[in-house]
Amino acid sequence: MIKITIDNREIEVKPGTNVLQAALDNGIDIPHLCYHPELVPSGGCRMCLVEVEGRPNPVPSCGLQAAEGMVIHTRTEQVEAMRRDIIDLFVSDHPLNCVVCDKNGACALQKYAYEYNVAETSFDFELSRTLYQDDNPFFIRDHQYCILCGKCVRVCDEVVGAHAIDFSQRGFVTYIATPFDVPLAESSCVFCGSCVQVCPTAALLPRNKIGKGREWELERTRTVCGYCGVGCSLEYALKDGEIIYAQGFADAPVNGEFLCVKGRFGWDFAKQPDRLTQPLVRKDLAYELGLTDEPWELPETSVLKSKPKAENYIPVSWEQAIDITATKLADIIRQHGGNAVAGLASARCTNEENYIFQKFMRVGVGTNSIDHCARL
Amino acid sequence: MSVLIRIGMSTSDIAAGAEATYQALESAVRHRQLPVTLKRTGSLGVSHREPVVEVVENGQSTLYGPVTPERVRPLLDQHFGAGHRGVSEDWVISRRNDRSDYPFLGLQTKVTTKLCGVIDPYSLDDYLAHDGYEAFKKALKMSPEAVVQAIKDSKLRGRGGAGFPTGIKWELLRKSPGSPKYLICNADEGDPGAFMDRATIEGDPHKLLEGMLIAAYATGASRGYIYVRAEYPLAINVLRNAIRQAREYGVLGQNILGTGMDFDIVIKEGAGAFVCGEETALMHSIEGKRGMPRMRPPYPAQSGLWGKPSNINNVETLASISSIILNGPDWYAGLGTEKSGGTKAFALAGAIQRSGLVEVPIGTPLRRLIYDIGGGCANGRELKAVQLGGPSGGCIPAHLIDTIIDYDELRATGAIMGSGGMIVLDDTVSMVNIAHYFLSFTQDESCGKCVPCRVGTRKMLNILARILHGQGVMEDIDRLERLCHTVGKGSLCGLGQTAPNPVLTTLRYFRHEYEQAIANRQNGHEAALAA
Ligand SMILES: Cc1cc2nc3c(=O)[nH]c(=O)nc-3n(C[C@H](O)[C@H](O)[C@H](O)COP(=O)(O)O)c2cc1C
Ligand code: SF4
Ligand code: SF4
Ligand code: SF4
Ligand code: FES
């Protein structure tokens with residue numbers, strides 16, 4: 001461990017830590033817009049400038065490695081004035097539409113403009129870009145809100161490995177683009193939405209979120225994604241019980257903030273009317289088991305071949321369903337032997353669940369006919 | 001008795017029409033079966049008299065220019081006994097071998113450009129005949145440490161602009177663990193109006209290659225890159241040819257001259273971004289990424305190209321090396337000042353009588369360069385200021401004309417040595433306009449990564465435009481100064497950090513012009529109100 005002093009507080013940090021992270025870990029807030037702990041620091045926003053004793057010029061703390069004995073001041077008159085100027089420059093090229101903005105309350109630029117009391121720019125207001133891109137079903141890109149922090153580019157390169165976007169053009173009109181401005185679907189984008197996750201402003205927004213409520217009006221529910229065995233944690237933002245959008249959260253043990261396209265955008269099944277929410281027993285079996293008094297027969301064309309119709313089934317409890325399955329399975333094994341049964345496991349279960357399943361099939365049922373849906 | 005005729009065929013000569021002159025010369029020589037050896041050379045740097053033709057007869061050299069195709073015939077007539085008719089003394093630049101009759105040339109001290117305009121850049125033999133690759137062979141007999149020490153002792157400082165001592169940079173690479181090590185030559189030359197590096201490559205490419213070889217030997221680098229802007233097709237062609245020749249000659253490739261040393265050079269063409277001259281952006285560009293600077297540390301010597309230890313030097317820096325090794329570090333250090341050795345080439349342009357490429361010792365007073373060599377302002381106008389260092393540099397006012405050309409002395413004025421652009425401004429020029437011009441360049445060329453540079457320079461530019469269009473207010477000057485500070489101290493790389501210099505220096509020395517421009521507007525306004 002090495003000792004450094006930030007704002008007259010001595011703290012101990014692991015060698016290799018950057019000063020910004022060291023400060024944040026110790027509850028000292030240094031303003032920052034382009035830093036993300038999972039990404040290589042880029043030093044673009046210049047909000048995290050600090051003064052280091054013995055150095056003539058301010059240094060970005062996100063790119064400054066802590067060194068033994070370093071003495072750092074984060075709130076000197078000089079760097080506070082520069083920060084204020086930098087926010088002033090940011091808002092000279094960013095619509096202050098906060099009252100109608102979907103990022104209101106969650107926008108990092110808004111937060112700092114508030115903290116530094118910058119209500120509007122003292123320079124001339126001039127938007128460098130007004131491009132609005134709505135080229136895919138998942139998220140929009142509204143460039144007038146973009147502050148070019150580059151987090152989307154870095155997450156796409158460093159975490160996702162898709163390299164779908166980069167800075168394009170130079171000077172004031174620089175913007176984030178796919179190669180040759182092709183639509184995202186024609187780029188190498190996999191629509192994981194990691195860029196949307198890390199964007200500090202309203203430049204990247206889940207399409208479903210737009211106009212659906214301000215951040216503080218939304219309830220949060222954390223859960224585990226049901227799509228696959230990885231078990232990513234995610235958080236649904238809800239309003240009146242409806243999902244508005246899904247996002248990752250930093251302390252999720254498996255996946256951190258990052259999700260795939262299914263977890264992040266593929267939750268619309270939740271409210272579909274034909275979603276299966278409880279076990280069902282087909283009516284002929286239900287009659288045979290005495291669960292209904294109404295006799296019913298399989299039609300000529302097997303229900304197995306056509307889409308199951310809800311009216312051909314009756315709902316039962318999980319206990320009943322498991323009971324029925326167990327009895328029937330036991331009957332088959334008794335009459336025809338274990339080899340008459342085959343098991344098909346699912347990639348949506350965890351490794352442990354799949355392990356128990358095959359154990360059950362081999363030892364309990366007595367068959368080696370076990371397979372898995374992920375076998376392609 | 002054969003006569004040697006040299007004709008400058010660099011990019012600037014060609015732009016002045018040298019191709020047609022060459023053709024006229026060649027066909028006349030062929031037709032008349034004259035005993036002439038025609039040699040195409042690089043540029044002598046006499047831009048104000050191009051195309052330039054040198055005739056060497058009985059060891060006596062006469063320099064002519066501008067030589068248009070129509071002037072070829074009378075010129076040849078004069079030299080080959082067909083009379084003097086039609087030749088004007090105005091065509092003669094110099095009749096003396098030492099050029100003492102033409103101060104533009106006579107007062108220079110040429111080191112890196114010594115053979116430019118003298119040898120054929122496509123001929124290895126010509127280079128070898130002028131001690132070519134002797135310095136490299138001499139270095140091979142020294143230890144690498146001794147070579148590094150010699151460069152340190154020479155007091156050579158990087159000619160790319162920042163002036164970092166070259167020997168120290170080499171030592172850092174030498175001591176840095178890891179392999180392979182890369183040596184990169186920065187031939188991006190992005191400053192508008194600068195063409196020293198282009199002229200050096202086009203005139204004497206092997207001198208650069210030899211410097212790189214010595215650097216590779218001293219630092220342990222095994223791979224070389226020359227990053228040259230694509231707008232320099234002739235320089236690239238000359239370099240390609242020179243690299244091929246050097247491979248055949250056995251000084252590039254594996255087991256060089258039987259010493260076990262491996263070193264080869266690849267040319268990488270840039271795509272025309274000024275910021276790609278910045279070393280970290282340049283390395284990204286070579287790697288095939290977007291040329292954007294990154295934070296340092298890590299410095300190139302620790303983690304450079306492809307994450308390996310690397311060193312980047314400017315063309316002129318590397319082209320100085322062979323002379324230092326051959327003539328000794330003391331000779332080189334002795335040319336310059338206490339802290340900085342050698343010579344520096346400048347592209348002298350603007351309102352000057354004699355424009356062109358000029359090489360002078362470090363420590364030369366600006367006055368000597370502008371007046372004695374350049375002949376002062378054109379059309380008898382008054383000197384107002386000298387703009388040095390391109391868009392990252394600043395304006396030195398006429399009253400500081402006795403400032404010497406030295407990294408620290410120039411920095412004290414607010415300007416910088418820079419890479420060698422020197423623009424002479426006369427009394428017709430508006431300094432606010434000059435600041436606007438240079439800032440509009442940097443503003444356009446900002447890579448867009450950091451906000452002080454990307455947005456800050458834009459705001460500064462808008463304020464300058466407002467003042468120029470008679471719409472400025474006095475508070476604009478305070479705003480400008482505030483922005484200069486935030487952009488200069490807050491930007492990530494040298495581009496943004498130096499972008500305010502043209503504004504800062506003009507505000508420092510010509511503040512009244514800003515105030516005047518604003519006051520004029522306010523007076524006009526009040527007059528309008530009163531009317
Ligand atoms: C915006 C910018 C542009 C630059 N352009 C050039 C250039 O065109 N040529 C050059 O040699 N150095 C240029 N430099 C300086 C290089 O980054 C680097 O310092 C230099 O090549 C090192 O070589 P030296 O030590 O031999 O001077 C530039 C620097 C900046 C910040
Ligand atoms: S959605 Fe994922 S793959 Fe597509 S641009 Fe964003 S981060 Fe890259
Ligand atoms: S889109 Fe968002 S994350 Fe990407 S650069 Fe702009 S503000 Fe940053
Ligand atoms: S100072 Fe300008 S050129 Fe340099 S990194 Fe920042 S935006 Fe890019
Ligand atoms: S957080 Fe350090 S520069 Fe943006």
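These numbers come from a predicted model, not from an experiment.

1. Quick word on the overall build of chain B
Secondary structure summary: chain B contains 21 helices and 15 strands in total. Scored against the burial criterion, the 531 residues of chain B give a buried share of 60%. Of the contacts formed within chain B by residues at least 6 apart in sequence, a portion of 72% connects residues at least 24 apart. On chain B, roughly 19,600 Å² of surface is accessible, and the fraction owed to carbon and sulfur atoms is 50%. Mean positive and mean negative side-chain charge positions of chain B (57 and 56 charges, respectively) differ by 4 Å.

2. Here's the deal with the site of ligand 4
In the vicinity of ligand 4, 13 residues are found, and the nearest of them are B:C447, B:C450, B:C453, B:C493 and B:G496. Across the shell around ligand 4, the residue classes tally to eight nonpolar, four polar and one charged.

3. Focus: the domain arrangement of chain A
One frequent convention defines the size of an interface as the accessible area lost when the parts assemble. Residues and elements named next belong to chain A. The assigned domain composition of chain A is domain 1 (2-75), domain 2 (218-271), domain 3 (276-336) and domain 4 (338-376). The gap between the C-alpha centroids of domain 3 and domain 4 is 22 Å. Domain 3 puts four residues into the contact, and the matching count from domain 4 is five residues. Around 360 Å² of area is buried between domain 3 and domain 4 when both sides are counted, 81% of it from carbon and sulfur atoms. The three residues of domain 3 that bury the most area against domain 4 are L329, I333 and H336, which together make up 86% of that side's buried surface. Joining domain 3 to domain 4, the criterion identifies zero salt bridges. For the interface between domain 3 and domain 4, the tally reads zero residue pairs in polar contact (both at pLDDT 80 or more). Counted by class, the side of domain 3 that touches domain 4 contains three nonpolar, one polar and no charged residues.

4. Brief notes about the interface of chain A and chain B
Taken residue by residue, the interface counts 36 residues in chain A and 31 residues in chain B. In total, about 2,800 Å² of surface goes out of reach between chain A and chain B, with carbon and sulfur atoms giving 55% of it. The largest per-residue losses of area from chain A upon contact with chain B belong to A:L89, A:R170 and A:F172, which jointly make up 23% of the total buried on that side. Between chain A and chain B we count six salt bridges in total. A salt bridge links B:K459 to A:D124; the nearest nitrogen and oxygen atoms lie 3.8 Å apart. Counting the contacts that link chain A with chain B gives 20 residue pairs in polar contact (both at pLDDT 80 or more). Contributions of two or more residues to the side of chain A that touches chain B are made by helix 2 (77-91) and strand 8 (166-168) of chain A. The element contributing the most residues to the side of chain A that touches chain B is helix 2 of chain A, with seven residues.

5. A word on the side chain of A:K103
Residues and elements named next belong to chain A. Assignment of secondary structure puts K103 in the loop between helix 2 and helix 3 (108-115). With no salt bridge to any partner, buried K103 finds its closest opposite charge in E215, at an N-O distance of 6.2 Å. In this structure K103 touches C199, P200, T201, A202 and L205, once residues within four positions along its chain are discounted.

Cut-off values and rules
Residue numbers restart at each chain and count upward from 1, following the sequence in its written direction. Written order determines the labels here, with chains lettered from A and ligands numbered from 1. Two thresholds apply to this predicted model, a pLDDT of at least 70 for residue-level local features and 80 or more for giving and counting side-chain atom pairs, whereas whole-chain, interface and lining totals are computed over all residues. Side-chain metrics rest on all non-hydrogen atoms present in the structure, leaving aside hydrogens and water. We count a stretch as a helix when DSSP gives it H or I for four or more residues in a row; a strand needs E for two or more, and each element gets its number in order from the N terminus. Exposure classes here rest on a 1.4 Å probe applied to the protein chains alone. A residue is buried below 20% of its type maximum, exposed above 50%, and partly exposed in between. We call two residues in contact when some of their heavy atoms are within 4.5 Å. In this description, accessible areas are obtained by the Shrake-Rupley approach with a 1.4 Å probe, and a residue is regarded as covered only by the protein chains that are shown. Charged residues are defined here as Lys and Arg on the positive side and Asp and Glu on the negative side; His and the ends of the chain fall outside this count. Every charge is mapped onto a representative atom, which is NZ of Lys, CZ of Arg, CG of Asp or CD of Glu. Near residues are defined by distance, with any heavy atom within 4 Å of the molecule or strand qualifying the residue. Residue classes follow a fixed rule: Ala, Val, Leu, Ile, Met, Phe, Trp, Tyr, Cys and Pro count as nonpolar, while Asp, Glu, Lys and Arg count as charged, and any other residue, Gly among them, counts as polar. Here the bounds of each domain stem from an automatic or database domain assignment. Two parts lose some accessible area (1.4 Å probe) when they are put together, and adding that loss for both gives the buried area. By convention in these notes, a salt bridge is any Lys or Arg side-chain nitrogen within 4 Å of a carboxyl oxygen on Asp or Glu. Each polar contact in these results corresponds to two N or O atoms within 3.5 Å; when the atoms are within protein, one needs to be able to donate a hydrogen and the other to accept it, and residues that are neighboring in sequence are counted only if both atoms are side-chain atoms.

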